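Structural overview
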Amino acid sequence: MKVSEKMVAIEILLGLVLLVAGGDILVRGSVGLAQRFGISELLIGLVLVGFGTSTPELMTSLLAAMNGSPGIAVGNVAGSNIANILLILGLSALICPIAVKPAALLRDGPANALAAIAFAALALSGSVGRLEGIALLTALAVYLVVTYRMEKGQDTPSAELHRSEAQSVTAQPAASGLLLNLLLAFGGLAMILGGAHFLVTGATSFAAAAGVSDAVIGVTVVAVGTSLPELVTSVIAAFRRQTDIALGNILGSNLFNILGILGVTAAFAPLQVPGEIAGFDIWVMLAATLALIVSSMSGWRICRKEAALMLIAFAGYAGIVTFNALV
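Worth saying up front: this structure is predicted, and the values here are computed from it rather than measured.

Moving on to the overall build of the protein chain. Within the protein chain, the regular secondary structure consists of 12 helices and four strands. Put simply, the protein chain has 327 residues, and 50% of those count as buried. Element-wise, carbon and sulfur atoms account for 71% of the exposed surface of the protein chain, whose accessible area totals about 13700 Å².

If you want it as structure tokens, here you go:
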């Protein structure tokens, strides 16, 4: 391997390490601060955990868009959602079949489907402008407000899920004290910013050296890499048999990816959607979202057979993307 190739590999690896570690530290610090100020577990699980685990994708897409690499920015969102469902949820359900709570799915499932359809419509139009980005962020704000009001003071399955997400973070050994939590939050954010820089720089260099488009790197290396926090959270939850957290983590992450990450990125830097993403990856994302909803509603359980099919589908998707990039 040449020196330049080694440097690119080091940049990508270092970027991924900083993103994963920074995301975890940011969530711990933010949750610690929220607890000290008396914020409810419901709001912590609904907003802080959701935003915290999606921060690596946000910073990576935003930096890529601002650096003139819309393929990485858009591909990161589409590829992350595909990986979340087919790879991460598939792996989690293979470890421990997921029992689905109907009340939680009947609200978050349609919200995910509508967000995916909106993303597909924007991709097929060829661009995502500032107005569309603001509209996506508005939809996210409305969803969060409506969800919080519906669940505040209630013992609904979805409310229990969001509280469990908060507890899954706070149950870990965490530093106490206002100053230390501030250091954790800002230190984690700094690590994420550094990781996003290294990952985008390395991924762009790798795409140029390999002769493939930014979009291919965006939906593969970058998307899977920035989804590592969700992978860790979901797999740990599956081993602990907290399968509702694994499913809720994926539903929440996918919604934040489209409405939050795509929204923020487009609001700051309007995006041109590469034709290869609009022509293939978007349809895979829609199919994966539909498969998630259908499999969840079939007996309100995602079994190991369905999980295996998800993993096979992801392997097939990754194989097709790689093959198309090489020919």
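What follows covers helix α11 (residues 275-297). For α11, built from 23 residues, the straight-helix expectation of 33 Å at 1.5 Å per residue is met to within 8% by its first-to-last C-alpha distance of 33 Å. At Asp 281, α11 shows its maximal kink, close to 35 degrees.

It is the contact of helix α7 (residues 178-210) with helix α8 (residues 214-226), at a shortest axis distance of 10 Å, that shows an interaxial angle of 140 degrees. The orientation of α7 with respect to α8, classified from their angle, is oblique. In terms of crossing hand, the pair formed by α7 and α8 is right-handed. Of the residues in α8, those touching α7 at Leu 199, Ala 203, Thr 204, Phe 206 and Ala 207 are Asp 214, Ile 217, Val 222 and Thr 226. Partitioned by chemical class, the residues of the contact of α7 with α8 number six nonpolar, two polar and one charged.

Per the stated rule, a full pass over the model turns up two aromatic pairs. Both rings, one in Phe 314 and one in Tyr 317, keep their centres 6.4 Å apart while their planes meet at 45 degrees; by these two values the pair is tilted. Residue Phe 314 and its partner Tyr 317 are located together in helix α12 (residues 304-326), separated by three residues, close to a single helical turn. For the residue pair Phe 314 and Tyr 317, the accessibility class agrees, reading buried in each case. Through a chain of ring-to-ring contacts, the aromatic side chains of Phe 280, Phe 314 and Tyr 317 assemble into a single cluster.

Turning our eyes to something else, we now look at the side chain of Thr 60. Tracing the backbone shows Thr 60 in helix α2 (residues 41-66). What Thr 60 contacts, discounting residues up to four positions off in sequence, is Leu 19, Asn 76, Ala 196, Leu 199, Val 200, Val 222 and Thr 226.

This part takes up the confidence of the model for the protein chain. The predicted model of the protein chain has a mean per-residue pLDDT of 84, with 87% of residues at 70 or higher. The spread of mean pLDDT over the elements of the protein chain runs between helix α6 (residues 157-170), the lowest at 58, and strand β2 (residues 127-128), the highest at 96. Ignoring residues within four places in sequence, the model shows residues 171-175, a span with pLDDT below 50, making six contacts including any to other chains.

Next up on the list: the nonpolar core. Ranked by size, the top nonpolar core spans 76 residues in total, and within it Leu 89, Phe 119, Leu 247, Ile 258, Leu 271, Ile 282 and Ile 302 carry the most contacts. If you tally residues by element for this core, the top one is helix α3 (residues 70-95), at 12 residues. For Leu 247, the contacting residues outside a window of four places in its chain are Leu 89, Ile 98, Val 100, Leu 292, Ser 296 and Ile 302.

Bringing the packing of helix α4 (residues 102-125) against helix α10 (residues 243-268) into the picture now. Describing two packed helices takes the angle between their axes plus the distance from one axis to the other. The contact between α4 and α10 brings their axes to 9 Å, and the two run at 35 degrees. Here the hand of the crossing between α4 and α10 comes out left-handed. Contact with α4, carried on its side by Leu 105, Asp 108, Ala 111, Asn 112, Ala 115, Ala 116 and Phe 119, involves Leu 251, Asn 254, Leu 255, Ile 258, Leu 259 and Leu 262 of α10 and no other residues of that element. Among the residues making up the contact of α4 with α10, the classes are represented as 10 nonpolar, two polar and one charged.

Under the 1.5 Å per step criterion, the end-to-end length of α8 is only 15 Å for 13 residues, more than 12% shorter than the ideal 18 Å. Every buried residue of α8 is listed here: Ala 215, Val 216, Ile 217, Gly 218, Val 219, Val 222, Ala 223, Gly 225 and Thr 226.

A few words on the environment of Ala 203. On the secondary structure map, Ala 203 appears in helix α7. Accessibility expressed as a relative area gives 0% for Ala 203, which makes it buried. Sequence spacing of Ala 203 and Val 8 is 195 residues, and the spatial spacing of their C-alpha atoms is 7.6 Å. Once residues within four sequence positions are removed from consideration, Ala 203 is found in contact with Ile 12, Ile 72, Ile 217 and Val 222.

Bringing the environment of Leu 122 into the picture now. Following the sequence through the fold, Leu 122 ends up in helix α4. For the pair Leu 122 and Val 273, spaced 151 residues apart in the sequence, the C-alpha separation amounts to 8.5 Å. Not counting the four nearest positions on each side in its chain, Leu 122 is found in contact with Ser 127, Val 128, Glu 132, Leu 136 and Val 273.

Moving on, we get to a nonpolar patch on the surface. Residues Phe 37, Leu 178, Leu 182 and Phe 186 make up a contiguous nonpolar surface patch of roughly 430 Å² in combined accessible area. Inspection of the secondary structure puts Phe 37 in the loop between α1 (3-36) and α2.

For Gly 252, the location among the structural elements is in helix α10. For the pair Gly 252 and Thr 53, spaced 199 residues apart in the sequence, the C-alpha separation amounts to 9.7 Å.

The rules behind these values
Residues numbered from 1 in each chain as written. Predicted model: local features only at pLDDT ≥ 70, side-chain atom pairs only at ≥ 80, totals over all residues. Heavy atoms only, no water. Helix = DSSP H or I, 4+ residues; strand = E, 2+ residues; numbered from the N terminus. Buried < 20%, exposed > 50% of the residue type's maximum accessible area, 1.4 Å probe, protein only. Areas by Shrake-Rupley, 256 points an atom, 1.4 Å probe, with all protein chains shown as cover. Expected span 1.5 Å × (residues − 1). Bend = angle between axes of the 7 residues up to and from the residue. Axes fitted to C-alpha atoms, helices over the stretch in contact; angles between N-to-C directions. Parallel < 35°, antiparallel > 145°, perpendicular 65-115°, else oblique. Left-handed = near helix turned anticlockwise from the far one by under 90°. Contact = heavy atoms within 4.5 Å. Nonpolar A, V, L, I, M, F, W, Y, C, P; charged D, E, K, R; others polar. Phe/Tyr/Trp six-rings, centres within 6.5 Å; stacked < 30°, edge-to-face > 60°. pLDDT = per-residue confidence, 0-100. Core = buried A, V, L, I, M, F, W, Y, C linked by side-chain atoms within 4.5 Å. Patch = residues over 30% accessible without salt bridge, like charges linked within 9 Å, V, L, I, M, F, W, Y side chains within 5 Å. Salt bridge = Lys/Arg side-chain N within 4 Å of Asp/Glu carboxyl O.

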